[in-house]
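# Overview (structure and organization)
Here is how the chains run, residue by residue.
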Amino acid sequence: MATLALKNITKRFGDFTAVKDFNLTVEDGEMIALLGGSGCGKTTTLRMIAGFTEPTEGSIFVAGKEMGKIPPYKRNVGIFFQNYALFPHMTVFENVAFGLKLQKLPKAEIEQRVSEILNLVKLYGLEKRYPRELSGGQQQRVALARALVTRPSILLLDEPLSNLDAKLRVEMQVEIKRIQKELAITTIIVTHDHEEAVSLADRVIVMNAGQILQVGSPYEIFDKPNSEFIADFMGFSTFVKGTMGGEARDGKRPVTCSGKTILVSAEAAEGIEPGSSVTLATRSEHMELVKEAGENVVEGTMQAATYKGHTTRLEVAGCFDEVIYPAADEYIELEAGKPLLVHLPVDRLCVYKNNA
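Not measured: the values here are computed from a predicted model. (Residues numbered from 1 in each chain as written. Predicted model: local features only at pLDDT ≥ 70, side-chain atom pairs only at ≥ 80, totals over all residues. Heavy atoms only, no water.)

Right, let's get into unusual backbone geometry. Even without being a glycine, Asp-21 presents a positive backbone phi close to 50°. Mapped onto the fold, Asp-21 is located in strand β2 (residues 16-26). With a relative accessible area of 45%, Asp-21 lands in the partly exposed category. We note that Arg-151 has phi near 55°; this positive angle belongs to a residue other than glycine. Locating Arg-151 in the fold gives a position in the loop between α4 (136-148) and β7 (154-158). (Helix = DSSP H or I, 4+ residues; strand = E, 2+ residues; numbered from the N terminus. Buried < 20%, exposed > 50% of the residue type's maximum accessible area, 1.4 Å probe, protein only.)

Turning to the pairing of strand β11 (residues 238-244), a few remarks are in order. Buried residues dominate β11, accounting for five of its seven residues. Where β11 lies against strand β14 (residues 277-282), six bridges are found, and the strand directions are antiparallel. For Thr-238, the partnering residue across the bridge sits in β14 and is Thr-282. In the sheet, β11 pairs with strand β12 (residues 252-257) via two bridges, with the strands oriented antiparallel. Directly across from Met-244, in β12, lies its bridge partner Val-255. (Pairing = 2+ DSSP bridges.)

In this section: the side chain of Thr-187. Inspection of the secondary structure assignment puts Thr-187 in strand β8 (residues 186-191). The contact partners of Thr-187, leaving out residues within four places of it in the chain, are Glu-30, Met-31, Ile-32, Leu-155, Leu-157 and Gln-180. (Contact = heavy atoms within 4.5 Å.)

This brings us to the sheet that holds strand β4 (residues 57-62). As summarised here, the arrangement of the four strands in space is β2-β1-β4-β5, forming an open sheet in which the pairing is antiparallel. Whereas interior strands pair on both sides, the edge strands pair on one side only; in this sheet they are β2 and β5 (65-66). As defined by bridge partners, strand β1 (residues 4-13) adjoins β4 across five bridges and the pair is classed as antiparallel. Each bridged residue has a counterpart across the sheet, and for Lys-7 the counterpart in β4 is Ser-59. Most of the contacts of helix α1 (residues 42-50) go to β1, to which it runs at about 115°, and overall it touches β1, β2 and β4. (Axes fitted to C-alpha atoms, helices over the stretch in contact; angles between N-to-C directions.)

Attention now goes to the environment of Asn-354. Along the chain, Asn-354 falls in the segment after β19 (350-353). Separated by 75 residues in the primary sequence, Asn-354 and Thr-279 have C-alpha atoms spaced 6.7 Å apart. Excluding residues within four positions of it along the chain, Asn-354 makes contact with Glu-228, Lys-241, Ser-277, Val-278 and Thr-279. At 3.2 Å, the side chain of Asn-354 and the backbone oxygen of Val-278 are in polar contact. Here Thr-279 takes part through its side chain, which lies 2.8 Å from a polar atom of the side chain of Asn-354. (Polar contact = N/O pair within 3.5 Å; in protein donor to acceptor, adjacent residues only side chain to side chain.)

Here the focus is helix α2 (residues 92-102). One turn of an α-helix holds 3.6 residues; hence residues three or four places apart share an orientation. Taken together, the buried positions of α2 are occupied by Val-92, Asn-95, Val-96, Ala-97, Gly-99 and Leu-100. Those residues of α2 that are buried lie in contact with α3 (107-120) and α4. A positive backbone phi angle near 60° is found at Lys-104, which sits one or two residues after α2.

Shown next, in the form of structure tokens:
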């Protein structure tokens, strides 16, 4: 196992900067998620760690050793490719054993290690099958086994769950986390799926345009994004424009939104001057439809309801910049045009100062 450090990493392709001044330290056995949309630089960062792409500037260290002159095959890095990259003419055993044969290990040791890793990923007994004879989930496990069998110091996972259906994706999240913790292997996962990132990682790195926007625990990234951009990316559904009020009272500060007052926590509004234009953001599951007026209860008008199974998606117009979606099964039969009262919880509102 090894500590991974990226120091002042920049990668340019001609005039385009894919990654800019990237700094990160990953501790022994830690699992880090690089999270962001397409083109944000996360896969380029992964390829630089693997040695497939050379940084324009900066250095990469594994266990304190600089990787600049070390080719990919000598970096002891296990790589899981998005498309699995299995050899179609090889059996499961041959696919998994491929890296060990390149290392010229004795036949008996190869057989033992392949057997152990196939048992770990729950594929024991499928050694003689070819990739075409496996399900998508089984193919993914073969690719994971191949990446792990060489006992790498670092495991790199490039969009490992993107090709699976919803049910398999959840199952494999559990399996990947179990295997990673069992082996205590330093792991970097690249993903565009925020739920996947917070489910798997010890820390999440949010990226955009080649730069790090926020580093934090899954809870911090999911519930307390540090910008409106990240809040939107992380699935916040309600954004309310307003003007910041004066001093805090009882740990709360007022924000005026379309003539209505909404209270936010003083901590969330720290450093924002009175009179500043702000945006309030929250998740739909943090809001609640209520029967009576009260603190942070605003009136809206029912637009439409869509049954979603475990929740009902409500479109509510009011002092909101966009529609909101309270999780409320019991309101599916509400009629369009009906007035509703929506409670916005003080401690669940994020506050972002708008640029002038």
